[in-house]
Each structure stands twice: as structure tokens, then as C-alpha cells.
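# Structural features, examined
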Amino acid sequence: MTIWNLGSINADMVYAMPHLPEAGETLAASGLQRFLGGKGANMSVAAARAGSRVSHIGAVGSDGRWARDRLTEYGVDTRHIAEVDVPTGHAIIAVDAQGENLIVLFQGANHAISDDQLGQALSSAASGDLLVMQNETNAQLEAAKLGREMGLTVCYAAAPFQAEAVQAVLPYLDFLILNEIEAEQLQQATGLAPSDLPVEHVIVTFGSKGARYYHQGSEPQAFQAHKVDAVDTTGAGDTFTGYVLAGMDRGMPMAQAIAQANRAAALMVTRHGTADVIPDLKEVRDAQLN
Ligand code: RIB
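So, here's what we can say about the structure.

Below, the discussion takes up the sheet that holds strand β10 (residues 175-179). Judged by pairing direction, the sheet is mixed, and its 9 strands sit side by side in the order β5-β4-β1-β8-β9-β10-β11-β12-β13 without closing on themselves. The sheet terminates laterally at β5 (77-83) and β13 (221-223), the two strands that pair on one side only. Going from strand to strand, the sheet's axes swing by 15° on average, the running direction of each strand aside. Two strands pair when backbone bridges link them, and β10 and strand β11 (residues 201-205) are joined in this way by 5 bridges, in the parallel orientation. Along β11, the bridge assignment pairs L176 with V202. Strand contacts of helix α7 (residues 236-249): β1 (2-6), β4 (53-60), β8 (130-134), β9 (153-157), β10, β11 and β12 (211-215), with the helix running at about 160° to β10, the strand carrying the most contacts.

Turning our eyes to something else, we now look at the packing of aromatic side chains. All told, the structure shown has 0 aromatic pairs when counted by the stated rule. The aromatic ring of W66 is capped on one face by R34, whose charged end is 3.8 Å from the ring centroid. The ring of Y74 carries R49 above its face, with NZ or CZ at 4.5 Å from the centroid.

What follows concerns the nonpolar core. L36, F175, I203, F240 and V244 are the most contacted members of the largest nonpolar core, which totals 57 residues. Among the elements that line this core, the one with the most residues is helix α8 (residues 254-268), at 8 residues. Membership of the second largest hydrophobic core comes to 36 residues, among which are I57, A144, L178 and V202.

Below, the discussion takes up the site of the ligand. Around the ligand, the surrounding shell holds 14 residues, and the nearest of these are D12, G38, K39, E136 and D238. Here an oxygen atom of the ligand and a side-chain polar atom of K39 are 2.8 Å apart. Of all elements in the fold, only β2 (10-16), α1 (39-49) and β7 (101-106) reach the threshold of two or more residues within the shell around the ligand.

We now examine the pairing of β10. Here β10 lies mainly inside the structure; 4 of its 5 residues are buried. For β9 and β10, the ladder comprises 3 bridges, and the chain directions are parallel. Across the sheet, residue Y156 finds its bridge partner in β10, namely L176. In this view, the connection linking β9 to its parallel neighbour β10 by way of helix α5 (residues 163-169) has right-handed handedness. A crossover connection joins β10 to the parallel β11 through helix α6 (residues 180-190); in handedness this β-α-β unit is right-handed.

Attention now moves to α6. Burial in α6 covers these residues: E182, A183 and L186. All buried residues of α6 fall inside an arc of 100° around its axis, so they share one side. Opposite the packed face of α6, turned more than 90 degrees from it, sit the exposed residues I181 and Q188. Contacts made by the buried residues of α6 are with α5, β10 and β11. Capping the start of α6 is the job of one residue whose side-chain oxygen sits 3.1 Å from the backbone nitrogen of I181: N179. Once α6 ends, the next one or two residues include G191, with phi positive near 80°.

In space, the 4 strands of this open sheet follow the order β3-β2-β6-β7, with mixed pairing throughout. The sheet is open, and its two borders are formed by β3 (31-37) and β7, each paired with just one other strand. Strand-to-strand twist of the sheet, defined as the mean angle between neighbouring strand axes without regard to direction, takes the value 20°. Inspection of the sheet shows strand β6 (residues 89-95) paired to β7 by 6 bridges, in the antiparallel sense. From the neighbouring strand, H90 faces β7, where its bridge partner is F106. The sheet strands contacting helix α2 (residues 65-73) are β2 and β3, and the helix crosses β3 at an angle near 65°.

The rules we used
- Residues numbered from 1 in each chain as written.
- Predicted model: local features only at pLDDT ≥ 70, side-chain atom pairs only at ≥ 80, totals over all residues.
- Heavy atoms only, no water.
- Pairing = 2+ DSSP bridges.
- Helix = DSSP H or I, 4+ residues; strand = E, 2+ residues; numbered from the N terminus.
- Axes fitted to C-alpha atoms, helices over the stretch in contact; angles between N-to-C directions.
- Contact = heavy atoms within 4.5 Å.
- Phe/Tyr/Trp six-rings, centres within 6.5 Å; stacked < 30°, edge-to-face > 60°.
- Lys NZ or Arg CZ within 6 Å of the ring centre and 35° of its normal.
- Core = buried A, V, L, I, M, F, W, Y, C linked by side-chain atoms within 4.5 Å.
- Buried < 20%, exposed > 50% of the residue type's maximum accessible area, 1.4 Å probe, protein only.
- Near = heavy atom within 4 Å.
- Polar contact = N/O pair within 3.5 Å; in protein donor to acceptor, adjacent residues only side chain to side chain.
- Right-handed = clockwise from strand over helix to strand, strands pointing away.
- Arc of directions from axis to C-beta.

Here is the structure:
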């Protein structure tokens, strides 16, 4: 089967900082590196590295051909990435000595995806394929509705979090992933705890404290995170999601998919960078983790 990912593509400009800058502060970085990023691109690469067939639906400007080429190189089908007359999205990412980050996003071409492009891409999807979205592109609602009509498994990673964006797609979802704070914010907005959401599969992540899986009608299941020395948490959540989706796509029981995703995310936080350094399945299986 195929994972269709309506997802962002960014140039990640990653600055190594002694601490995360505060309002009004001028602070020198000790290093700068450019990576392929965007929550969408990160998930596409993670799912492809986990062994799934992934087709990315997105947009870049003429300055972003390198990003499309790199996704192709990483095994992602890029035929549905349009080149538009808007600059490619980018992210300015400050990472401190403890591996925590602060991200400034420029959405650029990620919000220039046309309905025609989306329709054309999904016309090749087959019932049972997965469709995933995050909150860094336009056309999320159109995609969710179309995906549901076509019998796709509709998945949503609620990041960056906006309660209205999640609420708009909620009726069409089969799978929702969000972090602890986002789950609380969604509960405030809807009055619904994760276990009561009208979505068959819900995962709430707790960073270094693991994740909890809610399957409608069953008791929630907790998963511990592996203990590692984190140097950069950027993209670890996207890696986790990409691996979970790949597990679902390949018919794994959810507990097994989450356990594998946990290993991938643990490995990811030990590396500097985003899409370019997402571990592949062999690395994930072979890693010595506590
Ligand atoms: O989740 C990490 C990602 O958030 C980065 O790759 C950056 O581009 C932003 O989208």
C-alpha cells in the first residue's frame, strides 16, 4: 500500500546556541547547518526509511529543487510535488546545549498547494492506502474529506498545534497523534479527553516519558521511551509518527508499530539534524537501547 503525505517541505537552518534566545536578546550561534526538513518531509523520509512506499504531495519554489531531489534520493515518490512561484518554506531552528529547540517557520510554498494538484495526486490512491497531514500546509480539510470519501485511512499529526485546525478535520480522521500539551489544549477546546475523541486510533506523546495509545473501546496502553543522551530533539516526533504510520501501512499490530517508532525516535534524538539523519529500519532494529 502507499502512504500519501500532504506535507510541508522546508529548508531547516539549524543554529547551535548556548541557550534559547529570549525576547530582545541578541545571541551568537556557535554553528549553522542546513538540513532538509518540514514536519511533512520528515515524516515522508521516516516512513520511507521504515520500508513503506510514500508519495509526498507538496510544493516548493524554484529555490527548492534540491529539497525535491533529496526526497527522491531518500526513496520518496516526488511526482506530486509542484514547483510554484512562491519561495520554498524554511525554518530557523535554534538548538541549545541540552538539545531543546525553538522554531520560527516561514510557510512559503507549503501554502500554495492547489485543489487540482491534490485531486490529481489522490486520484491514484487506492482504498486502504493511508493519507497523512500535518498543520504546515494548506488544503488539509479538502484532503481529509477526499480521503474519507475514497476509503483511505485518514491520519493527522496535530503539529504545529491549532485547536481550530484539528477540530475542522476531526470528523474525517481514523488516526490522530498529538503531544501531552496539545491533548490538554484540545480537551479545553472540545471538552473531550483523548479516550473520548471520535477517532479510532489516538496517540498522545510525552517526549522522554513515552507515549499512550487509545484505541476506541479498549483500555489505554502506555509505552516507555528509551533512555538516551539527547543532543537534538528536532524532528524526533516526526520520526516517531513516520514510523508508526509505516507500521500501520505494513499491517503491524499498533503496539509493535509504536515500539518500533519509540526506538527510531530514541535514536533520532542522539543525532543533530532533521530529515537527512532519520535512521533506517536496520539501524533502528540493531540499535542497543535501554
Ligand atoms: O518538527 C521539526 C520540523 O518542524 C522541522 O524540520 C522544521 O522544518 C519544522 O517544520
